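The residues making up each chain are set out below.
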Amino acid sequence: MSTVLFTRRARWQALSRRRPAPTLRVALLASYTADPLVPYLGLDLHERGLSATLTVGPFQQVVQQCLATDGFLAEVRPDVLVVAQRLEEAGEPGAGGDAWATELLAGAEAAVTAARRHGALLVYVLPAIPAARPSGPADAMHADGVAASATVVRQRLRDRLAGDPWVLLVDADEAVRAVGDERAHHPVLFRLAKVPYTEEVFARLGATAATLVASWFGTGCRALVVDGDGLTGAAHLLPALRELRAAGVRMALRATGDGCWSDGDAVDLLGVLDGWVTDDRPIGAQLAEIAEALDVAPAQLVLAGVDAAQLKPPSAGPPSAGPPSEGPTSERPTSERPTGDEPTGDGPAVEGPPRRVLLGADPTAWPDELRAARLTDRLPERRWMGGGTGPLAAPAELSLDDFVAGLDVQVDYLPVVADGVAEVAEVVARAHDFALTSAPPAAALAARAADLLAIRVRDRLGDYGTSGLVALDRGADRWTVDVFSLSCPVLGKGVEAAVLREVTRRAGAAGADEVVVRWTDTGRNGTARRFLSEVDNLAPADPRVRLRAIHASDDRTTGVRP
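Everything quoted here is computed from the prediction, not taken from an experiment. (Residues numbered from 1 in each chain as written. Predicted model: local features only at pLDDT ≥ 70, side-chain atom pairs only at ≥ 80, totals over all residues. Heavy atoms only, no water.)

Caption draft 1: The arrangement of the overall build of the chain in detail. Helix and strand counts for the chain stand at 19 helices and 16 strands. Residue burial in the chain is summarised as follows: out of 562 residues, 49% are buried. Put simply, of all contacts in the chain between residues at least 6 apart along the chain, 75% involve residues at least 24 apart. Looking at the chain as shown, the accessible area adds up to about 25,400 Å², and 52% of this sits on carbon and sulfur atoms. (Helix = DSSP H or I, 4+ residues; strand = E, 2+ residues; numbered from the N terminus. Buried < 20%, exposed > 50% of the residue type's maximum accessible area, 1.4 Å probe, protein only. Contact = heavy atoms within 4.5 Å. Areas by Shrake-Rupley, 256 points an atom, 1.4 Å probe, with all protein chains shown as cover.)

Caption draft 2: Structural view of the pattern of salt bridges. By the definition in use, this model includes 36 salt bridges. Close ionic contact of Arg-177 with Asp-173 constitutes a salt bridge, the shortest N to O distance being 3.0 Å. Here the residue Arg-177 and the residue Asp-173 both occupy positions in helix 7 (residues 172-179), the gap between them amounting to 4 residues, near one helical turn. For Asp-173, a relative accessible area of 10% translates into the label buried. Between Arg-458 and Asp-412 there is a salt bridge, and its shortest N-O distance comes to 2.6 Å. Taken together, the residues span a long stretch of sequence, with Arg-458 in strand 12 (residues 452-459) and Asp-412 in strand 11 (residues 410-415) at a distance of 46 residues. For Arg-458, a relative accessible area of 36% corresponds to the partly exposed category. Residues joined in a network through salt bridges with shared partners are Arg-8, Arg-11, Asp-44, Glu-47 and Arg-48. (Salt bridge = Lys/Arg side-chain N within 4 Å of Asp/Glu carboxyl O.)

Caption draft 3: Main features of the sheet that holds strand 16 (residues 546-551). Taken together, the 6 strands give an open sheet; going across it, the order is 11-12-13-14-15-16, and neighbouring strands pair in mixed fashion. The outermost strands of the open sheet, each flanked by one partner alone, are strand 11 and strand 16. Geometrically, the sheet is characterised by an average inter-axis angle of 30 degrees between neighbouring strands, direction not taken into account. Of the pairings in the sheet, the one linking strand 13 (residues 462-474) to strand 14 (residues 478-486) comprises 7 bridges and is antiparallel in character. Across the sheet, Arg-474 pairs through a bridge with Trp-479, a residue of strand 14. Lying over the sheet, helix 16 (residues 421-430) contacts strand 12, strand 13 and strand 14, oriented at roughly 95 degrees with respect to strand 13. The sheet contacts of helix 18 (residues 495-509) involve strand 11, strand 12, strand 13, strand 14, strand 15 (514-519) and strand 16, and relative to strand 14 the element is tilted by about 155 degrees. (Pairing = 2+ DSSP bridges. Axes fitted to C-alpha atoms, helices over the stretch in contact; angles between N-to-C directions.)

Caption draft 4: Expanded view of the environment of Arg-245. Checked against the element boundaries, Arg-245 lands in helix 11 (residues 238-246). Put simply, Arg-245 and Leu-273 are 28 residues apart on the chain and 9.1 Å apart in space, counted from C-alpha to C-alpha. Not counting the four nearest positions on each side in its chain, Arg-245 is found in contact with Met-251, Val-272, Leu-273 and Asp-274.

Caption draft 5: Representation of unusual backbone geometry. Not every positive phi belongs to a glycine, and Arg-77 is a case in point at roughly 50 degrees. Note that Arg-77 resides in the loop between helix 4 (72-76) and strand 3 (80-84).

Caption draft 6: Here's a closer look at the pairing of strand 6 (residues 223-227). When you tally the buried positions in strand 6, you get 5 out of 5 residues, the bulk of the element. Burial along strand 6 is two-sided: the residues Ala-223, Val-225 and Asp-227 and Leu-224 and Val-226 are all buried. As paired strands, strand 6 and strand 7 (residues 250-256) are joined by 5 bridges and run parallel to one another. Bridge pairing in strand 7 places Leu-224 opposite Met-251.

Caption draft 7: Inspection of the packing of helix 7 against helix 10 (residues 199-216) at higher detail. Interhelical geometry of helix 7 versus helix 10 gives an angle of 135 degrees and a closest axis separation of 9 Å. Between helix 7 and helix 10, the crossing angle belongs to the class labelled oblique. Two packed elements cross with a definite hand, and for helix 7 against helix 10 that hand is right-handed. In contact with Ala-172, Ala-175, Val-176, Ala-178 and Val-179 of helix 7, helix 10 contributes Glu-200, Val-201, Arg-204 and Leu-205. Taken together, the residues that form the contact of helix 7 with helix 10 break down as 7 nonpolar, no polar and 2 charged. (Parallel < 35°, antiparallel > 145°, perpendicular 65-115°, else oblique. Left-handed = near helix turned anticlockwise from the far one by under 90°. Nonpolar A, V, L, I, M, F, W, Y, C, P; charged D, E, K, R; others polar.)

Caption draft 8: Highlighting the side chain of Thr-527. Mapped onto the fold, Thr-527 is located in helix 19 (residues 526-532). When residues no more than four places from it in sequence are discounted, the contact partners of Thr-527 are Asp-433, Phe-434 and Leu-491.

Caption draft 9: Quick peek at helix 11. Residues of helix 11 that are buried include every one of Leu-238, Ala-240, Leu-241 and Leu-244, and no others. Down the axis of helix 11, the buried set is contained in an arc of 160 degrees. They therefore lie on one face. Gly-248, located one to two residues past helix 11, shows a positive phi value of around 100 degrees. (Arc of directions from axis to C-beta.)

Caption draft 10: Spotlight on the nonpolar core. Grouped together as the largest cluster of nonpolar side chains are 43 residues, with contacts concentrated most on Val-26, Leu-41 and Val-213. It is helix 10 that contributes the most residues to this core, 9 residues altogether. Those residues within four positions of Val-26 in sequence are excluded, and the remaining contacts are Leu-41, Leu-45, Ala-52, Thr-53, Leu-54, Thr-55, Val-80 and Val-82. Core analysis: the next-biggest nonpolar cluster, separate from the first, contains 36 residues, Leu-81, Trp-100, Ala-101 and Ala-115 among them. (Core = buried A, V, L, I, M, F, W, Y, C linked by side-chain atoms within 4.5 Å.)

Caption draft 11: A look at a nonpolar patch on the surface. A surface patch of nonpolar side chains, about 240 Å² in accessible area, is lined by Val-188, Leu-189 and Leu-192. Within the secondary structure, Leu-192 sits in helix 9 (residues 187-193). (Patch = residues over 30% accessible without salt bridge, like charges linked within 9 Å, V, L, I, M, F, W, Y side chains within 5 Å.)

Quick look at the structure:
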């Protein structure tokens, strides 16, 4: 990880500890582990004036979580829903990418349904073209090759989503190509934690998504403020400033004192400026005045200068000759504005600029640096026309039950031998969302290996291998399940119910008449608690066996406490 990215992650951690009042609730769902995206997206949103809380849902459960009426999204109640799917998790591409299209369009359709239900803005990440090419260099010659199939799927997704005014599209392929295949992918981390990309890719995805979200919420750049402190050679800026002004961006200048006008080049700026503030007040107060005078939100200001990160302290000397007095924002306000970072009772909070463009040491490069900042990016005017190819299914027709039934999920149960304890212990340690208790140590599991059943899961999308564990305390009349853990990729596919039905079948065959699932609240196992709250509705495989869930602290209680 580069020093720049490490610094940004550290800034986000510090910001999270301060816990500023959030303006947006952002939920993230992906077919992979998307947690590395959080600091970059969160910090980029904050720098654009949109403080946000970000919550990541279980990975590889896009359709299940989007179509469920309770669960993760119901808890988060997002204002913004970010959904990212990769083609690599969608199984084989099929002829012309049809199989890939079926999977990803189902996810996109489910995401639209969830966004509509929660009144959220949907940010959908178009999948990158996979780097793996089974045919090698000959892939380009195959009509059904990886690149060709991926291109078809990406276009079908764009056709479905691009016209919807409540959907923003971020292209993961652009981020991967900008970084380069060799530096974009992280195969070792993907094997260990299902994190497919390097920090550079997540940083680019976060920056792009934040820019689009800020534009959608109206906090994109509407005014450029030139920082006059230390600015020399201002005439070099004029070509780029005229271009920005022609594109509708307002112009202003701020400086500490009037000394900036002593530079003859600075006077050349007067022809493009809408106003200026040159005094000894803190920068936050100056920018607040500029925003009010230009009739834009403070978050819509962008500050550009040669030393924007380290502004000069207020000048103690007498002011130099200033500009003409008729400048539209040259007057001081009649009342003093607050100068701290916290709100006060008699004025709005005054903060630094939400975004800065740092100009380099070479004034001749300033126009190109301003153009590279893409301050004129705007969302297109859109009116929903139904998409070019149409949705895979209308939102009302998309059913979670139908989706799960079409997966052809197969569940196998295997005894755990001594050599296999370490593998199942690792699965249990990672299964935070669906677990009955905190993960027991491997030694405790090894001591009761005879009680353990490893759960293996596969469906038409792939083989997930060992995906869970159940531990059974087999009494003569009553079996107790005190360990039941499942990994995220298999949740919401009916595996939970299938395992308990299998346990009741085995208990009935052994002569027991009751199966009890004992659970505790770990603070993270909300998925398991919700499932167990409806366990009374689950028909056991053997009708002679009673199935119930019990809180570990109260064996007399039937059902699950809220």
